[in-house]
Number of protein chains: 2
Amino acid sequence: MKKKILIHDIAQHLDVSIATVSLVLNGKAKEKRISDELARRVLTYVDEVGYKPNQLAKSLRTGKTHVIGLMVEDIANPFFATVAALIEKKALARGYRIIYCSTNNDPAKARDLLTMFQERHVDGYILALPNGLDAEVGALVRRDKPLVLFDRLLPGVSANAVVVDGATGMYQATQHLLAQGFRQVALVITQLGQTQMAARRQGYAQAMREQRRPELVYEISFPQEPEQMVQDLQAFFAAHPACDAVLFATNYLGVYGLEALRNLGRRIPDELAVISFDDNDLFRLYSPPITVVAQPMEAMAEDLISTLLAALDGPGDTGRIVQLQLTPQLVVRASSVRVPVGA
Amino acid sequence: MKKKILIHDIAQHLDVSIATVSLVLNGKAKEKRISDELARRVLTYVDEVGYKPNQLAKSLRTGKTHVIGLMVEDIANPFFATVAALIEKKALARGYRIIYCSTNNDPAKARDLLTMFQERHVDGYILALPNGLDAEVGALVRRDKPLVLFDRLLPGVSANAVVVDGATGMYQATQHLLAQGFRQVALVITQLGQTQMAARRQGYAQAMREQRRPELVYEISFPQEPEQMVQDLQAFFAAHPACDAVLFATNYLGVYGLEALRNLGRRIPDELAVISFDDNDLFRLYSPPITVVAQPMEAMAEDLISTLLAALDGPGDTGRIVQLQLTPQLVVRASSVRVPVGA
DNA sequence: CTGAAAGCGCTTACAG
DNA sequence: CTGAAAGCGCTTACAG
């Protein structure tokens, strides 16, 4: 069919040099004092025949790919899917494309994917990583690769980051439950030891300490089969009949938790008040609607992309690090509100 | 830091030619009768210094990128997010990477993204497209580009495809409702005129016709703001008080529909039975649990990737087209089961 | 078995 | 203002 058209073809047709065409196409016509008239002729013809420069060749030459590597825990997780969709839209609007990958919290997989990103010469990285990649990310930072961590930090690495203040979010959620008169507030959290989980736990712990309430924390092993997690949660609730409120530290724990409570026939909030981190359709439409600590996804996506682009455009300032912390919002719904006695 | 190491460096160090190193690395040592011992020396050293060939240069030379372009309607839609996650995993296992993009059902955006995929020289395409891209996709097919459509077909294009038999799915769902004794079964569907929607509608229509029931179809405009869709749905249900069962043709319609019904205070299934296309956590955990027509996502992802890889590896067989149709599964839950009168 | 060389399609100093 | 040429880092016929 349509023969692939090259820069050489268009130069030949217009009887100018390849350099002229390239310069015009890259907006250096003025700088190189190419006449407006010639520049216009080039642009017109390029447009007419629909010439598109080969990006591979361009990238090989310039070292830029205009591709951003985005690594999330699991693209099927609504939190990450939503952030990814927002980032994609914003990146596209600024001329960047996204390659995304899910780590499933597996450090070995994350390591491979990071290598893959490097092999593909991505211009920048947006990363929500499992623990254990400090060395790899540290190396990227030292080589001045534009990079932003999000959702969770790596303990041993100083890098650009956009995170949500989970400590405050959980502190407020816990306070809210205690203010409603719930006595035994449990926290269900993963045992992955990631920084965002540590912060959420710490917020809970602080609120409990301030009210002189004993902590009740269930660290569930993750990842494992959903059925198993539901089982584990049922066992936990069965073992703690006096527990009258529970906080789930992330969205899928909330989902599995609701399933476990349903299986046990526990009434929410009469028998057990519930709050989950992260908001989504399920929590909003559940009966009763579930109180959540909602993360500001739009702001997060915007800050991620603009921080990364600033690093990309920046003059390779070694050492300038931007760390942003966004505030989540407690959205109170029926699942955490005390039912008047005898009502 | 670490200087980027090139094939030239390793050839020089081992005192062999660049060609030898390249041949060994590309598994052509045997073919070119390079001694096993030399081949081993090369591999060992490459491994030792961690040399990674520049993929950009390699791609420019070979014309292969080992990248697959995946285009979905919206990556934040759980159906597409789940399929994308499965495809990514399977592709990675076979040495391919995914670039994904969301079209948001905008033909202009889809057209741009298709151009972008071509500029990036993706090796193959997996596409769930809005209508109106027949010409563009037709051109790809004619140029023998490996490509698989999914979820919906383009009316004017013959291409590889993996779709779900939505007609049968909806037919069974409608029959089920009628068998339960519901009388006025409505269908809520988008007005986008896409093939998957047409099939689902046709399945509903056939079941209604067979039982001599009049159709009641609400074509909602899409895309628009969620709040507006909920409003529209409330107005629809308010205008049809005699309607005692409803089918939602896709997952987000189901979600908005549940929200509308909740706002109206309609009891499910007493006042209105509900079935939605697509399964997810929300439908499974809703009170009452929602009956769904579940798509076989795992099988779909597997068929998509293997069909595409077959086309990629194939001997450029012009004209060989594979079209697979998978069977969805009706999962009956409480939302569509008649409550015994007086129970 | 191995080396020198062309070429993938661009960009950009360097001369004029 | 414009052209000839080098070079980005590979792969692979083609000779030996």
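Residues numbered from 1 in each chain as written. Chains lettered and ligands numbered in written order. Predicted model: local features only at pLDDT ≥ 70, side-chain atom pairs only at ≥ 80, totals over all residues. Heavy atoms only, no water.

*Asks:* Would you mind showing me how to read helix 8 (residues 166-179) of chain B here?
*Replies:* Note that an α-helix has 3.6 residues per turn; residues three or four places apart therefore point the same way. All names here are of chain B. The terminal C-alpha atoms of helix 8 lie 20 Å apart, and with 14 residues this matches the ideal 20 Å at 1.5 Å per residue to within 8%. Here helix 8 lies mainly inside the structure; 10 of its 14 residues are buried. Looking at helix 8, one finds that the buried residues are Gly 166, Ala 167, Gly 169, Met 170, Tyr 171, Ala 173, Thr 174, His 176, Leu 177 and Leu 178. Just downstream of helix 8, Gly 181 is the residue with a positive phi angle, here 100°. (Helix = DSSP H or I, 4+ residues; strand = E, 2+ residues; numbered from the N terminus. Expected span 1.5 Å × (residues − 1). Buried < 20%, exposed > 50% of the residue type's maximum accessible area, 1.4 Å probe, protein only.)

*Asks:* What is the right way to look at the sheet that holds strand 9 (residues 273-277) of chain A in this model?
*Replies:* Neighbouring strands of a sheet are bound in pairs by backbone hydrogen bonds; such pairs are parallel or else antiparallel. All names here are of chain A. Ordered in space as 7-6-8-9-10-12, the six strands form an open sheet in which the pairing is mixed. In this open sheet, the two strands that pair with only one neighbour each are strand 7 (216-220) and strand 12 (329-331). When strand polarity is set aside, the average angle formed by the axes of neighbouring strands in this sheet is 20°. Pairing between strand 6 (residues 185-190) and strand 7: five bridges, direction parallel. In the strand pairing of strand 7, Leu 187 is matched with Val 217. (Pairing = 2+ DSSP bridges. Axes fitted to C-alpha atoms, helices over the stretch in contact; angles between N-to-C directions.)

*Asks:* What should I look at first to understand the protein's contact with DNA strand C in this one?
*Replies:* In the vicinity of DNA strand C lie 26 residues, with Ser 22 and Arg 61 of chain A together with Ser 17, Arg 33 and Arg 61 of chain B positioned nearest. Take the atoms of DNA strand C that sit within 4 Å of the protein: sugar and phosphate atoms are 67% of them. Within the contact set of DNA strand C, a phosphate oxygen lies 3.2 Å away from a side-chain nitrogen or oxygen of Lys 28 of chain A. Between DNA strand C and Ser 17 of chain B there is a distance of 2.5 Å, counted from a phosphate oxygen to a backbone nitrogen or oxygen. Elements that contribute at least two residues to the surface near DNA strand C include exactly helix 2 (18-25) and helix 4 (55-62) of chain A together with helix 2 (18-25) and helix 4 (55-62) of chain B. Split into classes, the residues belonging to the surface near DNA strand C amount to 13 nonpolar, seven polar and six charged. (Near = heavy atom within 4 Å. Polar contact = N/O pair within 3.5 Å; in protein donor to acceptor, adjacent residues only side chain to side chain. Nonpolar A, V, L, I, M, F, W, Y, C, P; charged D, E, K, R; others polar.)

*Asks:* I keep staring at the protein's contact with DNA strand D and nothing clicks. Help me out?
*Replies:* In the neighbourhood of DNA strand D, 26 residues make up the surrounding shell, with Ser 17, Arg 33 and Arg 61 of chain A together with Ser 22 and Arg 61 of chain B lying closest. Here the atoms of DNA strand D within 4 Å of the protein split so that 67% fall in sugar or phosphate, with bases taking the remainder. Between Arg 33 of chain A and DNA strand D, the recorded distance is 3.0 Å, taken from a backbone N or O atom to a sugar or linking oxygen. Separating a base nitrogen of DNA strand D from a backbone N or O atom of Ala 57 of chain B is a distance of 3.3 Å. Classifying every residue of the surface near DNA strand D by side-chain character gives 13 nonpolar, seven polar and six charged.

*Asks:* So what exactly am I meant to see when it comes to helix 13 (residues 297-313) of chain B here?
*Replies:* The end-to-end C-alpha distance of helix 13 of chain B, which contains 17 residues, comes to 24 Å, matching closely the 24 Å that a straight helix rising 1.5 Å per residue would cover. Along its buried surface, helix 13 of chain B packs onto strand 1 (67-72), helix 5 (78-93), strand 3 (124-127), strand 4 (147-150), strand 5 (161-164) and strand 11 (323-326) of chain B. (Contact = heavy atoms within 4.5 Å.)

*Asks:* Just to check I follow, could you spell out unusual backbone geometry for this structure?
*Replies:* Here the bond from Ser 287 of chain A into Pro 288 of chain A is cis, since omega is -5°, no more than 30 degrees from zero. Counting through the fold element by element, Pro 288 of chain A comes out in the loop between helix 12 (281-285) and strand 10 (291-294). Positive phi is not limited to glycine here, since Asp 144 of chain B has a value of about 60°. Tracing the chain through its elements places Asp 144 of chain B in the loop between helix 7 (134-142) and strand 4. Taking relative accessible area as the criterion, Asp 144 of chain B reaches 36% and is therefore assigned partly exposed.

*Asks:* Just checking my understanding: could you explain the nonpolar core for this structure?
*Replies:* Considering soluble globular proteins, one finds that nonpolar side chains tend to be buried as a cluster. Core analysis: the biggest nonpolar cluster contains 98 residues, and Val 185, Leu 233 and Leu 247 of chain A together with Val 185, Leu 233 and Leu 247 of chain B have the highest contact counts within it. In this structure, Leu 233 of chain B is in contact with Val 188, Tyr 218, Ile 220, Phe 248, Leu 253, Tyr 256, Gly 257 and Ala 260 of chain B, ignoring residues within four places of it in sequence. By size, the runner-up hydrophobic cluster in this structure holds 60 residues, among which are Ile 87 of chain A together with Ile 75, Phe 80 and Ala 91 of chain B. (Core = buried A, V, L, I, M, F, W, Y, C linked by side-chain atoms within 4.5 Å.)

*Asks:* How do you make sense of the domain arrangement of chain A when you look at a structure like this?
*Replies:* A common way to express how large an interface is: the accessible area buried when the components associate. Splitting chain A by domain gives domain 1 (7-53), domain 2 (65-164 + 298-326) and domain 3 (166-294 + 330-336). Computed over C-alpha atoms only, the centres of domain 1 of chain A and domain 3 of chain A are separated by 62 Å. (Domains from an automatic or database assignment.)

*Asks:* Quick question: what am I supposed to make of the side chain of Asn 251 of chain B here?
*Replies:* Residues and elements named next belong to chain B. Its place among the elements puts Asn 251 in helix 11 (residues 251-264). Polar contacts involving the side chain of Asn 251 include one to the side chain of Asn 77, which spans 2.8 Å. If we skip the residues at most four places from it in the chain, Asn 251 touches Asn 77, Pro 78, Phe 79, Ser 276, Phe 277, Asp 278, Asn 280 and Phe 283.

*Asks:* What's the story with the interface of chain B and chain A in this structure? I'm lost.
*Replies:* At the interface, 45 residues of chain B touch 45 residues of chain A. The contact between chain B and chain A buries some 4,400 Å² in all, and 64% of this surface belongs to carbon and sulfur atoms. Of all residues in chain B, the largest losses of buried area upon contact with chain A belong to Leu 56, Arg 120 and Leu 285 of chain B, amounting jointly to 17% of the total for that side. Counting the contacts that link chain B with chain A gives two salt bridges. Glu 259 of chain A is the salt-bridge partner of Arg 284 of chain B, the closest N and O atoms lying 2.5 Å from each other. Where chain B touches chain A, the interface holds nine residue pairs in polar contact (both at pLDDT 80 or more). The set of elements that each furnish at least two residues to the side of chain B that touches chain A consists of helix 4, helix 5, strand 2 (97-102), helix 6 (107-119), helix 11 and helix 12 (281-285) of chain B. Here the residues of the side of chain B that touches chain A sort into 22 nonpolar, 10 polar and 13 charged. (Buried area = accessible area lost by both parts, 1.4 Å probe. Salt bridge = Lys/Arg side-chain N within 4 Å of Asp/Glu carboxyl O.)

*Asks:* For this particular structure, what's the right way to read the relation of the copies chain B and chain A?
*Replies:* Mapping between the two copies of the chain is achieved by a rotation about an axis and a shift along the axis. For the pair chain B and chain A, the best superposition has an RMSD of 0.1 Å and corresponds to a rotation of 180° with a translation of 0.0 Å parallel to the axis. This pairing of chains is accounted for by a two-fold axis. Of the residues that chain B buries at the interface, 100% are likewise interface residues in chain A, meaning the two copies contact each other through the same surface. (Least-squares fit on C-alpha atoms with pLDDT ≥ 70 in both.)

*Asks:* Explain the pattern of salt bridges here, please?
*Replies:* Side-chain pairs of opposite charge can arise where the charged atoms are in close proximity. Residues and elements named next belong to chain A. Evaluated as defined, the whole model comprises 30 salt bridges over all chains. Arg 41 is the salt-bridge partner of Glu 37, the closest N and O atoms lying 4.0 Å from each other. Taken as a pair, Glu 37 and Arg 41 lie in helix 3 (residues 36-49) at a separation of four residues, close to a single helical turn. Classification of Glu 37 by relative accessible area gives partly exposed; the value is 48%.

*Asks:* Is there a simple way to explain empty space enclosed by the protein in this structure?
*Replies:* Considering all chains together, one arrives at four cavities of 30 Å³ or more under this definition. Each pocket or cavity is described by its volume, and for the largest cavity that value is around 190 Å³. Of all elements in the fold, only helix 4 of chain A together with helix 4 of chain B reach the threshold of two or more residues within the lining of the largest cavity. In the lining of the largest cavity, the residues fall into six nonpolar, six polar and two charged. (1 Å grid on protein atoms, 1.4 Å probe; cavity = no way out; pocket = protein on both sides within 12 Å on 5 of 7 lines; lining within 4 Å. Points joined across faces, edges and corners; volume = space filled by probe spheres on them.)

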